[in-house]
Amino acid sequence: MKKLLFTPRPLSTSRTVKEAALEDMGSRDEAFIATIQYIRNALLQLGHVTKEEGYETVIVQGSGTFGVESVISSTIGPDDHLLILSNGAYGERIVKMALIHKLP
C-alpha cells in the first residue's frame, strides 16, 4: 500500500528531498548549526527586522497545529483579542485552542 504524506501542501516529496533526508545530521554538527543560523537570519531579513531592533527568530519543531498554538498561546495578552476567521476544520481547531487558553 502506498503511503501518503497528509499535509496542507503537496502530498508528496520529490526524490531529491527524500535523498537529502537520508543523511543523518546531529543538532551539534557544525553544518547543522550553520544551516539553522542561516535560516534564522534569513527569516529576520524576510520580516524586515534585525536583532539590533530587538527581534529574534525561534524555530519550533512540530506540526502546523503545534506552531499555531505555540504562537497564539504565547503572544496574545490578557488585554488583547484574537480574531479567527474559520471556514473549516483547521479554523475550528484554532477556536478550540483559543477557548482552552482562555483567549478573548
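Structural data are supplied above this passage.
Residues numbered from 1 in each chain as written. Predicted model: local features only at pLDDT ≥ 70, side-chain atom pairs only at ≥ 80, totals over all residues. Heavy atoms only, no water.

Peer 1: Honestly, the overall build of the protein chain in this entry has me stumped. Any pointers?
Peer 2: What the protein chain contains, in helices and strands, is 4 helices and 0 strands. In the protein chain, the succession of α and β elements from N to C terminus is α-α-α-α. The C-alpha atoms of the protein chain give 18 Å as radius of gyration, which overshoots the globular expectation for 104 residues (13 Å, by more than 25%). The 104 residues of the protein chain split such that 11% are buried. (Helix = DSSP H or I, 4+ residues; strand = E, 2+ residues; numbered from the N terminus. Rg over C-alpha atoms; globule rule 2.2 N^0.38 Å. Buried < 20%, exposed > 50% of the residue type's maximum accessible area, 1.4 Å probe, protein only.)

Peer 1: Would you explain the environment of alanine 42 in this entry?
Peer 2: Take alanine 42: it is sitting in helix 2 (residues 30-46). For alanine 42, a relative accessible area of 27% corresponds to the partly exposed category. Separated by 15 residues in the primary sequence, alanine 42 and threonine 57 place their C-alpha atoms 9.5 Å from one another.

Peer 1: Help me understand the environment of valine 68, please; the structure alone is not making it clear to me.
Peer 2: Along the polypeptide, valine 68 turns up in helix 3 (residues 64-75). For the pair formed by valine 68 and aspartate 24, sequence separation is 44 residues and the distance between their alpha carbons is 28 Å. Once residues within four sequence positions are removed from consideration, valine 68 is found in contact with Tyr90, Ile94 and Met97. (Contact = heavy atoms within 4.5 Å.)

Peer 1: What is the right way to read the pattern of salt bridges from this model?
Peer 2: Between side chains of opposite charge, a pair can form as their charged atoms come close. Under the counting rule described, the total for this entry stands at 2 salt bridges. Several salt bridges share partner residues, and in doing so they unite Arg40, Lys51 and Glu56 into one network. (Salt bridge = Lys/Arg side-chain N within 4 Å of Asp/Glu carboxyl O.)

Peer 1: I keep staring at unusual backbone geometry and nothing clicks. Help me out?
Peer 2: Note on backbone geometry: most residues besides glycine have negative phi, and most peptide bonds are trans. One non-glycine residue, histidine 48, lies in positive phi territory at about 55°. If you trace the backbone, histidine 48 turns up in the loop between helix 2 and helix 3. Among the residues examined, histidine 48 registers a relative accessible area of 71% and is labelled exposed. Of note, the phi angle at lysine 102 is positive, near 55°, even though the residue is not glycine.

Peer 1: Sorry, what's going on with the side chain of threonine 65 here?
Peer 2: When you line up the elements, threonine 65 lands in helix 3. A polar contact is formed between the side chain of threonine 65 and the side chain of arginine 93, at a distance of 2.7 Å. Apart from the residues lying within four places of it in its own chain, the contact partners of threonine 65 are Tyr90, Arg93 and Met97. (Polar contact = N/O pair within 3.5 Å; in protein donor to acceptor, adjacent residues only side chain to side chain.)

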